[in-house]
Amino acid sequence: RKLQNINSPTDGPSSVKKLMDELEIDPEYDLKQVYLFYHNEPMIEQAIRKRVELTFKNGWKIVGEKKKVTDYTKRRLNEVCVVGKTTPELFFREIFANLVKYSNSFIYKVRDEDNSTGSTRRMRMRKKKTIPIATYQIISPLLLKPVIDGEGRVKKWAQYAVDGVTRLRYINPDDLIHFTINRESGYIFGKPLILSIIPDVEALRRIEENVQMLIAQHLFPLYQYIVGTETAPATYFPNGESEVEVVKKMVVSLPTQGVMFTPERHTIKSVSDAKSMDVAEYMEYFRNRVFLGLGVSSVDMGISDTSNRGTAVTISQN
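About the thresholds
- Residues numbered from 1 in each chain as written.
- Predicted model: local features only at pLDDT ≥ 70, side-chain atom pairs only at ≥ 80, totals over all residues.
- Heavy atoms only, no water.
- Helix = DSSP H or I, 4+ residues; strand = E, 2+ residues; numbered from the N terminus.
- Buried < 20%, exposed > 50% of the residue type's maximum accessible area, 1.4 Å probe, protein only.
- Contact = heavy atoms within 4.5 Å.
- Areas by Shrake-Rupley, 256 points an atom, 1.4 Å probe, with all protein chains shown as cover.
- Pairing = 2+ DSSP bridges.
- Axes fitted to C-alpha atoms, helices over the stretch in contact; angles between N-to-C directions.
- Core = buried A, V, L, I, M, F, W, Y, C linked by side-chain atoms within 4.5 Å.
- Phe/Tyr/Trp six-rings, centres within 6.5 Å; stacked < 30°, edge-to-face > 60°.
- Expected span 1.5 Å × (residues − 1).
- Salt bridge = Lys/Arg side-chain N within 4 Å of Asp/Glu carboxyl O.
- Polar contact = N/O pair within 3.5 Å; in protein donor to acceptor, adjacent residues only side chain to side chain.

(A) The overall build of the chain, seen in detail. Helices and strands together make up the secondary structure of the chain, namely 8 helices and 11 strands. By the burial criterion, 27% of the 318 residues in the chain qualify as buried. Sequence separation of 24 or more characterises 63% of the internal contacts of the chain that already satisfy a separation of 6 or more. Roughly 22,500 Å² of accessible area belongs to the chain as shown, and the carbon and sulfur atoms make up 55% of that amount.

(B) A look at the sheet that holds strand β8 (residues 167-171). Strand order across the open sheet formed by 4 strands is β1-β6-β7-β8, with antiparallel pairing between neighbours. The two strands at the open ends of the sheet, each matched to only one other strand, are β1 (22-24) and β8. In this sheet, neighbouring strand axes are inclined to one another by 25° on average, regardless of whether the strands run parallel or antiparallel. The sheet contact formed by strand β6 (residues 144-149) and strand β7 (residues 154-160) spans 5 bridges and is antiparallel. For Lys145, the partnering residue across the bridge sits in β7 and is Ala158.

(C) Structural detail: the nonpolar core. One finds Trp157 and Leu176 to be the most contacted residues of the largest nonpolar core, which totals 26 residues. Where this core is concerned, the elements lending two or more residues are α1 (31-40), α2 (42-55), α4 (88-102), β2 (104-111), β6 and α5 (198-218). Top contributing element to this core by residue count: α1, with 4 residues. The residues touching Leu176, leaving out its near neighbours within four places in the chain, are Phe106, Ile107, Tyr108, Ile139, Leu144, Trp157 and Ile171. With 7 residues, the next largest nonpolar core counts Leu77, Val80, Ile95 and Ile138 among its residues.

(D) Up close: the packing of aromatic side chains. Scanning the model with the defined rule gives 8 aromatic pairs in all. Consider the rings of Phe106 and Trp157, whose centres lie 5.1 Å apart with planes at 65°: the pair is edge-to-face. One end of the pair, Phe106, is in strand β2; the other, Trp157, is in strand β7, and 51 residues separate them in sequence. Each member of the pair Phe106 and Trp157 is classed as buried. Every member of this aromatic cluster is reached through a ring pair, and the members are Trp60, Phe91, Phe92 and Tyr136.

(E) Representation of α4 within the structure. Here α4 is 15 residues long and its end C-alpha atoms lie 21 Å apart, about the 21 Å a rise of 1.5 Å per residue gives. Buried residues belonging to α4 abut α1, α2, α3 (67-83), β2, β5 (133-139) and β9 (176-180). Phi turns positive one or two residues past the end of α4, at Ser103, with a value near 65°.

(F) Region of the structure containing the pattern of salt bridges. Evaluated as defined, the whole model comprises 16 salt bridges. The partner of Glu24 in a salt bridge is Arg167, with the nearest N and O atoms 3.3 Å apart. Pair noted here: Glu24 is in strand β1 and Arg167 is in strand β8, with a separation of 143 residues, a long-range link. Of the charged contacts, one joins Glu79 and Arg75 as a salt bridge, the two residues approaching to 3.0 Å between their closest N and O atoms. With Glu79 and Arg75 both in helix α3 and 4 residues apart, this pair spans about one turn of that helix. According to the relative accessible area criterion, Arg75 is partly exposed, its value standing at 37%. Taken together, the shared-partner salt bridges in this structure form one network comprising Glu41, Arg205 and Glu208.

(G) Region of the structure containing the side chain of Ser103. Within the secondary structure, Ser103 sits in the loop between α4 and β2. Of the polar contacts made by the side chain of Ser103, one reaches the backbone oxygen of Lys191; its length is 2.8 Å. Filtering out sequence-adjacent residues up to four positions away, Ser103 remains in contact with Asn98, Phe179, Thr180, Ile181, Gly190, Lys191, Pro192 and Leu193.

(H) Seen up close, the environment of Glu22. Note on placement: Glu22 falls in strand β1. C-alpha of Glu22 to C-alpha of Gly152: the two residues are 130 residues apart in sequence and 9.3 Å apart in space. With residues up to four places along the chain from it excluded, the contact list for Glu22 reads Val147, Ile148, Asp149, Lys155 and Lys156. Within the local environment of Glu22, its side chain forms a polar contact with the side chain of Lys156, the two groups lying 3.5 Å apart.

(I) Just the pairing of β8, in detail. Where β7 and β8 come together, 4 bridges link them in antiparallel fashion. Across the sheet, residue Tyr160 finds its bridge partner in β8, namely Arg167.

(J) Highlighting the environment of Asn78. Among the secondary structure elements, Asn78 is positioned in helix α3. Relative accessible area serves as the criterion here: at 43%, Asn78 is assigned to the partly exposed category.

Here it is in structure tokens:
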């Protein structure tokens, strides 16, 4: 028998259903923020890349109880990849990379009867026959927005250009496959895992900025030049200029590698903390951040490390 559409329940009166016919909405989560942090934070980028690599580390294959079905699936997969100018390996990697990065992955069904060996069939909920699928096109989740009706059902998808302003086309939900992970009940999009660590990354960046300011302020020691003593304090010369001002001009005019000769009434001492001037650990931290972004270790770059060679080889292989 023909399936009937089920109306979604609402908390308000029945008139709420008729407030709108169709409405284009933004995703529940800020996917552009995920994009910015992925491409600007090497720790996030490397973590996602390693997860994708480890997922496909042992390869993959299509299996099933019926050989006829698996053979057909393999043949059609190879065909859609040839038409789409890609390979099954790259096709699956791109799908999974979007799924791990954004918790959402979209695949558009490109229908073309002349470039497909698939058969034309009639869908149960459609009156006309469907054109067979020639290939699949992966669309970035950043470029799609759902258009919903008054009951919250997705009626179509709006695809935008990279600028985020130009609308390219509307896509029928039947022609779009939407994979999600970590999706809340009643939501359309899944929640990206990166969003939960963005405050921690921002805090880390602020700490790094403070460390840079600390190095700039305390890298060079602060000296105090004492003019005079309690028994023989600083004096004024006949022209009205103080002894302190004369010493100040002399110190400012000295070259970087200058040498000073002072009498017993003049004292020069350092008043800065010696520990704050040790930047070796700070330099090692920021150097490791660069290596992390490049995906290499210090051993790979020819720098000696505290770990033994066996550990270094294992890290490089991973």
